[in-house]
Protein chains: 2
Amino acid sequence: MLIGLVQFAPRIGEVTSNAEAMLEVAANAADRGAAMVVFPELSLVGYPPMDLLRDDIVREKCKLALESMASRLRIPALVGAPCWEDGTVYNAVYWICDNQWTAAGRKVLLPNYDVFDESRYFQAGVECSILRFGGMKILLSICEDLWAHDADLKYPMDPIQKALDAFGQDVQFILNMAASPYSIQGVSRRAHVLKTTAHRWDLPVLYVNQVGARADLIFDGGTSVTLPGKDVRGVCPNFVPACALWDTDLNQCADTIIWTNNTLVSTFTLNTDRQDPWKGEVVLGHRFNPGEITEALCLGIRDYLVMTGGKKVVIGLSGGVDSAVVLCLAVMALGAENITALLMPSGYSSGRSVEDSMELCRMHGVAYQILSIEESFRAVIGTLNAQWDEQSAALTEENIQPRLRALFLMAYSNQYGAMWLNSSNKSEAAVGYSTLYGDMGGGLSVIGDLYKTQVYALAAYWNSLKNWIPVSILLAAPSAELRPGQLDSDSLPPYPLLDALLMDCIEGGQDEGGLIRSGHDPELVRRVLGMLKRSEFKRYQMPPVLRVSSRSFGRGWRRSLV
Amino acid sequence: MLIGLVQFAPRIGEVTSNAEAMLEVAANAADRGAAMVVFPELSLVGYPPMDLLRDDIVREKCKLALESMASRLRIPALVGAPCWEDGTVYNAVYWICDNQWTAAGRKVLLPNYDVFDESRYFQAGVECSILRFGGMKILLSICEDLWAHDADLKYPMDPIQKALDAFGQDVQFILNMAASPYSIQGVSRRAHVLKTTAHRWDLPVLYVNQVGARADLIFDGGTSVTLPGKDVRGVCPNFVPACALWDTDLNQCADTIIWTNNTLVSTFTLNTDRQDPWKGEVVLGHRFNPGEITEALCLGIRDYLVMTGGKKVVIGLSGGVDSAVVLCLAVMALGAENITALLMPSGYSSGRSVEDSMELCRMHGVAYQILSIEESFRAVIGTLNAQWDEQSAALTEENIQPRLRALFLMAYSNQYGAMWLNSSNKSEAAVGYSTLYGDMGGGLSVIGDLYKTQVYALAAYWNSLKNWIPVSILLAAPSAELRPGQLDSDSLPPYPLLDALLMDCIEGGQDEGGLIRSGHDPELVRRVLGMLKRSEFKRYQMPPVLRVSSRSFGRGWRRSLV
């Protein structure tokens, strides 16, 4: 039997059009011989639906959509959708077959950590359920239901075991419908769970995940089949909507359909001159796959633009590596014709930074404007100093510069309908080495979940394939150029030290004692933790950050402001 | 027997100093004859502790603090604190007595709506527990445990009933230890729950709540005793740390201690010339108590300053009612000497708005500076127009003005170490009638949870007692003054219509169909819901908003950006 495993890209809250898209995919799969199709977790409403689940209109739309699907589907389908029942809501999977639709499974393990808040919205199911179809018994599980044995999560029971104990005779395979976002650390953890699950129950695991980006969250897909004792076998390319037709008799993929004309598809290609030299190097103690991160961030940019109805972006180029990397990502995601770069020198900007920025734009065919902030800066300072009985302080003047640049970027954004892409990195955001309403602004933070060291690694990787970024940008010592001769290293520890410490603290969850035991310098630990705590108020007003780590700033990071 | 009911103001994460403060209060109560003291929910770590609960160092500090309290307390105490047990955490109450400390109760009903995320952090207890002390049986409950019968919350069981069924013979009273934040709508709901609980079980309910503000959340206190069949009797003044000594034999309050020298105490007094004329009028369909709201917001401002280590604030005065109200609140909370007002006229500002703002400052003895944005505006426009091949559009120029004002306010903030208090109201924030990095900026949004209609009502109330705000500010038609003759009514529906609709939608949770059924104009409903949805990205980057409603923007409002 052929089963269509659909790596689907729903839009949040767009219930009716999500249902239409699923019907189209199902028809396509039916044409190619599929006996049934499987869509990921919460495909009908998108993930995460958040407070939408409390709107009566959403409930009504879901009901109508399921009815419509039931009457129009040519083959049966499993569809992830909320199930409102007895005054509560389940994160459920519907079995749509023979003009009927029924909630066939309810998610048992609800994640409530990092970016997940499922207990806020959902009631937990009791155990995984079994679907009988075409002479087969299929165990239905939803995302976190696979993670019962994770040492960190400490779940009290295994809903798969419970279902197998109760009805488990002759189950053919375990199906997992997921909405599992991408992270650098998550890819290998997910593979490990799929492999151990297949091994533990001696059953194939069919895994169907969402794809596409929704604001901060990027879904990579990773739809796969894992046979007991074998490695995870990806059956759809990552980062694009696709459908794999899996043959349950032959245990192999019969066909894969990719929707390249879908507007959500990332067309990222590096157009490399040279062979990919990357051998799975480790950066900051973690496997670092720059090609994968590039694709994830490109998808994040593109989908955010598509879903907010925009096409064009504007980027402020400083001559540093961060804004250069953001520009390259935008070029890959949107094409040079949709980008304008603003070069906004002051009296403190070096000739190098302006020339390198122009060179970068020329290399990629990106239009740029040079808008000096000098005249505006002098006007602002003039007005202030005429009123103040003391000279404006160095810090005051330093902060005025990025704020004027933000003002220019937003003026461009208002004038030409372009979204300003933020260029801050995670190291700066963590220690507050950044200006609120200045370089911390923008519609979307593209690399706000990459430490400076990782930003350099990404740039170095691209340059190893093709000349993407002028070498002098990579070689220049990091500087905010807000006063003569200023260097980041005047105010911050060296980035490799800082980033390793931050990674252990933020992603690793280590506190002061833990960081010192891990070998970080005690004085540096206290200094950095102090900076991290004191800059919470700046991060509170940050734009959404494309999440590529297991702990990004934004909704997954919840620290008190006081 | 005398029980000290302590309306306590812990600081989030300051475990050691919270314990010291509790020891001092307990000693004071003991001196006055108390046999035991009761502190509110999570008094040891503050509320909400959020991700702090995952730090090993916090767990360790809690253990040490409880040990220290056990060895030093002269009378027994009930203290709200997290209980780490078997790899999970409970929201617990510790009984500290005879040098011992034990988790005597665990919160059963965990709220997961609005600003609450307790299932994210806590494991639920099974039932309320009974404490035996001094020949009495006391039923211990924690905050939400009282709310089992609330129709909206739909809890499946009543943990108080469960405990009374199991061990309920001869219980003397129900104790509830809470961390329940203030809201305009919440005061009467809380009173209703206390009254029905006392009536249902025919037992007195002793209620002990936190006080003080923690960033967005304001705790009013409201510590009370409710006897069966009687009204709720407040035993501590609201908005200040206090301890009531309740006599369980006589069923009356023997004494109330108020800590006026505590830096967290609000010293708000309106210094009224006339008698309070307010008779519990209704604004936007809800009971509106302007004196209470004034106290809540003053406490919110003051505690945020205290807890972030600041003293001084800066406020931009536009000549409109919003910034005038924020200035008055700051005067009441901090004293005029800690405030600077910036008047930042442009060519579009009316003479009236500047003169009224100066008059307002003179009335309150607040220092002000006039910093015209005109020269800076011309410099910015000059730079832009020299590069752009089209004239800058009206919208571009309109937005540059509030952004220059934000730049001046932040320059003042950097120069003089003053926090910029934001003056946006909830109506503007809801429909996006505001400029990101302009009037939406600031360290704290003071009236961002009050609709424009409520802001007027607050101002009218103050003016009915004393001349607080120049009448011409209240009479002027609302205008952003960003182009000649501009009025809010050019872009927005009349505020009474708009605010009533927003209130039904945001606080009332009504969707499109519900709003139309409630009698709102269908066209207006669709227009306003569209504006609400499209401005989500602006609110994402708002400062923390002092919460005074049952649904404020910020952590309790979770809508997708896409």
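Computed from a predicted model, the values in this text were never measured in an experiment.

(A) Structural detail: the overall build of chain A. Helix and strand counts for chain A come out as 18 helices and 22 strands. Computed over C-alpha atoms, the radius of gyration of chain A comes to 25 Å, within 12% of the 24 Å expected from 2.2 N^0.38 for 562 residues, which places it in the range of a compact globule. Judged by the C-alpha coordinates and their principal axes, chain A covers about 80 × 50 × 50 Å. Counting only residues that meet the buried cut, chain A has 53% of its 562 residues in that class. Taking contacts inside chain A between residues at least 6 apart in sequence as the whole, the part at least 24 apart equals 70%.

(B) How the structure looks around the sheet that holds strand E18 (residues 312-317) of chain A. All names here are of chain A. Strand order in the open sheet made by the five strands is E20-E19-E18-E21-E22, with parallel pairing throughout. The open sheet has two edge strands, strand E20 (367-370) and strand E22 (444-445), and neither has a second partner. Its contacts with the sheet put helix H7 (residues 321-334) on E18, strand E19 (339-343) and strand E21 (418-422), and the angle it makes with E18 is roughly 160°.

(C) Main features of unusual backbone geometry. In this model, A:Tyr47 is joined to A:Pro48 through a cis peptide bond whose omega is -5°. Relative to the assigned elements, A:Pro48 resides in the loop between strand E2 (36-38) and helix H2 (56-72). The backbone of B:Phe239 sits at a positive phi, close to 70°, despite the residue not being glycine. You can see B:Phe239 is positioned in the loop between strand E13 (232-234) and strand E14 (242-247). Exposure remark for B:Phe239: the 28 C-beta atoms within 10 Å place this residue in the buried category.

(D) View of the environment of B:Val283. Residues and elements named next belong to chain B. With respect to the element layout, Val-283 can be found in strand E16 (residues 282-283). Distance in space between the C-alpha atoms of Val-283 and Met-157 is 35 Å, their sequence separation being 126 residues. Apart from residues no more than four positions distant in its own chain, Val-283 is found in contact with Phe-288, Thr-453, Gln-454 and Ala-457.

(E) Main features of the relation of the copies chain A and chain B. Screw-axis analysis of chain A against chain B gives a translation of 0.0 Å along the axis, an RMSD of 0.0 Å, and a rotation angle of 180°. Taken together, the rotation angle and the small translation identify this as a two-fold axis. The rotation axis passes nearest to the C-alpha of A:Gln541 in chain A, at a distance of 2.1 Å. Of the residues that chain A buries at the interface, 100% are likewise interface residues in chain B, meaning the two copies contact each other through the same surface.

(F) Expanded view of the nonpolar core. Counting 368 residues, the largest nonpolar core has A:Leu327, A:Ala330, B:Leu327 and B:Ala330 as the members making the most contacts within it. In contact with B:Ala330, other than residues within four places in its own chain, are B:Ile301, B:Val313, B:Ile315, B:Ile339 and B:Leu421.

(G) The sheet that holds strand E20 (residues 367-370) of chain B, seen in detail. Residues and elements named next belong to chain B. Spatial strand order, E20-E19-E18-E21-E22: five strands in an open sheet with parallel pairing. What marks the edges here is a single partner per strand, and that holds for E20 and strand E22 (444-445). One ladder, built from four bridges, connects strand E19 (residues 339-343) with E20; its direction is parallel. Within E20, the residue paired with Leu-343 across the bridge is Ile-370. Packed onto the sheet, helix H7 (residues 321-334) meets strand E18 (312-317), E19 and strand E21 (418-422) and runs at close to 160° relative to E18.

(H) Representation of the interface of chain A and chain B in the model. Listed by partner, the interface residues are 62 residues for chain A and 63 residues for chain B. At the level of secondary structure, the elements contributing two or more residues to the side of chain A that touches chain B comprise H2, helix H3 (118-121), helix H6 (290-307), helix H9 (374-387), helix H10 (394-416), helix H16 (512-517) and helix H18 (536-540) of chain A. Looking at the side of chain A that touches chain B, the element that brings in the most residues is H10(A), giving 12 residues. In terms of residue class, the side of chain A that touches chain B is made up of 25 nonpolar, 23 polar and 14 charged.

(I) Up close: the packing of H6(A) against helix H12 (residues 452-465) of chain A. Residue and element names in this part refer to chain A. Two elements in contact, H6 and H12, have axes separated by 10 Å at closest approach and are oriented at 105°. Classified by the angle their axes make, H6 and H12 are roughly perpendicular. Residue-level contacts link Pro-290, Ile-293 and Thr-294 of H6 to Ala-457, Leu-458 and Tyr-461 of H12. Taken together, the residues of the contact of H6 with H12 break down into five nonpolar, one polar and no charged.

(J) Representation of the packing of helix H15 (residues 495-506) of chain A against helix H17 (residues 522-534) of chain A in the model. Residue and element names in this part refer to chain A. Between H15 and H17, the shortest axis-to-axis distance is 11 Å and the interhelical angle comes to 70°. In terms of their interaxial angle, H15 and H17 are classed as roughly perpendicular. Facing Leu-497, Leu-498, Leu-501 and Leu-502 of H15, the residues of H17 in contact are Leu-524, Val-525 and Val-528. For the contact of H15 with H17, the per-class residue count stands at seven nonpolar, no polar and no charged.

(K) Broad picture of the domain arrangement of chain A. Residue and element names in this part refer to chain A. For chain A, the domain assignment lists domain 1 (2-258) and domain 2 (282-488). On a C-alpha basis, the centres of domain 1 and domain 2 stand 39 Å from each other. Only strand E10 (211-214) and strand E11 (217-220) provide two or more residues apiece to the side of domain 1 that touches domain 2. Each residue belonging to the side of domain 1 that touches domain 2 can be placed in one class, and the counts come to six nonpolar, four polar and two charged.

(L) View of the pairing of strand E14 (residues 242-247) of chain A. Residues and elements named next belong to chain A. The element E14 is extensively covered by neighbouring structure, given that five of its six residues are classed as buried. Summarising the sheet, strand E1 (residues 2-7) and E14 pair through six bridges and their orientation is antiparallel. Within the sheet, the bridge partner assigned to Gly-4 lies in E14 and is Leu-245. The pairing of E14 with strand E15 (residues 252-258) spans six bridges and is antiparallel. Bridging from a neighbouring strand, Trp-246 pairs with Cys-253 of E15. Adjacent in sequence and paired antiparallel, E14 and E15 are bridged by four residues, among which Asn-251 carries a positive phi angle near 55°.

(M) Main features of the pairing of E21(B). All names here are of chain B. Counted residue by residue, E21 has five buried out of five residues, so it is predominantly covered. Side-chain alternation along E21 places Ala-418, Trp-420 and Asn-422 on one buried face and Met-419 and Leu-421 on a second face that is also buried. Sheet topology places E18 next to E21; three bridges connect them, and they run parallel. Following the sheet pairing, Val-314 is matched in E21 by Trp-420. Examined bridge by bridge, E21 and E22 share two bridges and lie parallel to one another. The partner of Leu-421 across the bridge, within E22, is Leu-444.

(N) Layout of the confidence of the model for chain A. All names here are of chain A. Taken as a whole, chain A shows an average pLDDT of 94; of its residues, 97% reach a score of 70 or greater. Note on residues 261-268: pLDDT under 50 across the span, and 22 contacts to partners over four residues away in sequence or across chains. Interface confidence for the predicted complex, expressed as ipTM, amounts to 0.94; the pTM equals 0.95.

(O) Quick look at helix H6 (residues 290-307) of chain B. Residues and elements named next belong to chain B. The end-to-end C-alpha distance of H6, which contains 18 residues, comes to 25 Å, matching closely the 26 Å that a straight helix rising 1.5 Å per residue would cover. A large share of H6 lies buried, amounting to 15 of its 18 residues. Within two residues after H6, Gly-309 carries a phi angle of roughly 80°, on the positive side.

(P) H15(A), seen in detail. All names here are of chain A. Between its first and last C-alpha atoms H15 spans 15 Å; for 12 residues at 1.5 Å apiece the expected length is 16 Å, and the two agree. If you check which residues of H15 are buried, you get Leu-498, Asp-499, Leu-501, Leu-502, Met-503, Cys-505 and Ile-506. Check the buried side of H15 and you find it contacts helix H11 (426-431), H12, H16 and H17.

(Q) Molecular detail of the environment of A:Leu299. Tracing the chain through its elements places A:Leu299 in helix H6. With 28 C-beta atoms packed within 10 Å, A:Leu299 lands in the buried category.

(R) Broad picture of the environment of A:Ser479. All names here are of chain A. Here Ser-479 shows up in the loop between helix H13 (471-475) and helix H14 (488-491). On the basis of neighbour count, Ser-479 is assigned to the buried category, with 20 C-beta atoms found within 10 Å. Counting along the chain gives 372 residues from Ser-479 to Lys-107, while the straight-line C-alpha distance between them is 49 Å. In this structure Ser-479 touches Gln-486, Leu-487 and Asp-488, once residues within four positions along its chain are discounted.

Conventions adopted
Residues numbered from 1 in each chain as written. Chains lettered and ligands numbered in written order. Predicted model: local features only at pLDDT ≥ 70, side-chain atom pairs only at ≥ 80, totals over all residues. Helix = DSSP H or I, 4+ residues; strand = E, 2+ residues; numbered from the N terminus. Rg over C-alpha atoms; globule rule 2.2 N^0.38 Å. Buried ≥ 20, exposed ≤ 12 C-beta atoms within 10 Å, placed from the backbone. Contact = placed C-beta atoms within 7 Å. Pairing = 2+ DSSP bridges. Axes fitted to C-alpha atoms, helices over the stretch in contact; angles between N-to-C directions. Least-squares fit on C-alpha atoms with pLDDT ≥ 70 in both. Core = buried A, V, L, I, M, F, W, Y, C linked by C-beta atoms within 7 Å. Nonpolar A, V, L, I, M, F, W, Y, C, P; charged D, E, K, R; others polar. Parallel < 35°, antiparallel > 145°, perpendicular 65-115°, else oblique. Domains from an automatic or database assignment. pLDDT = per-residue confidence, 0-100. Expected span 1.5 Å × (residues − 1).

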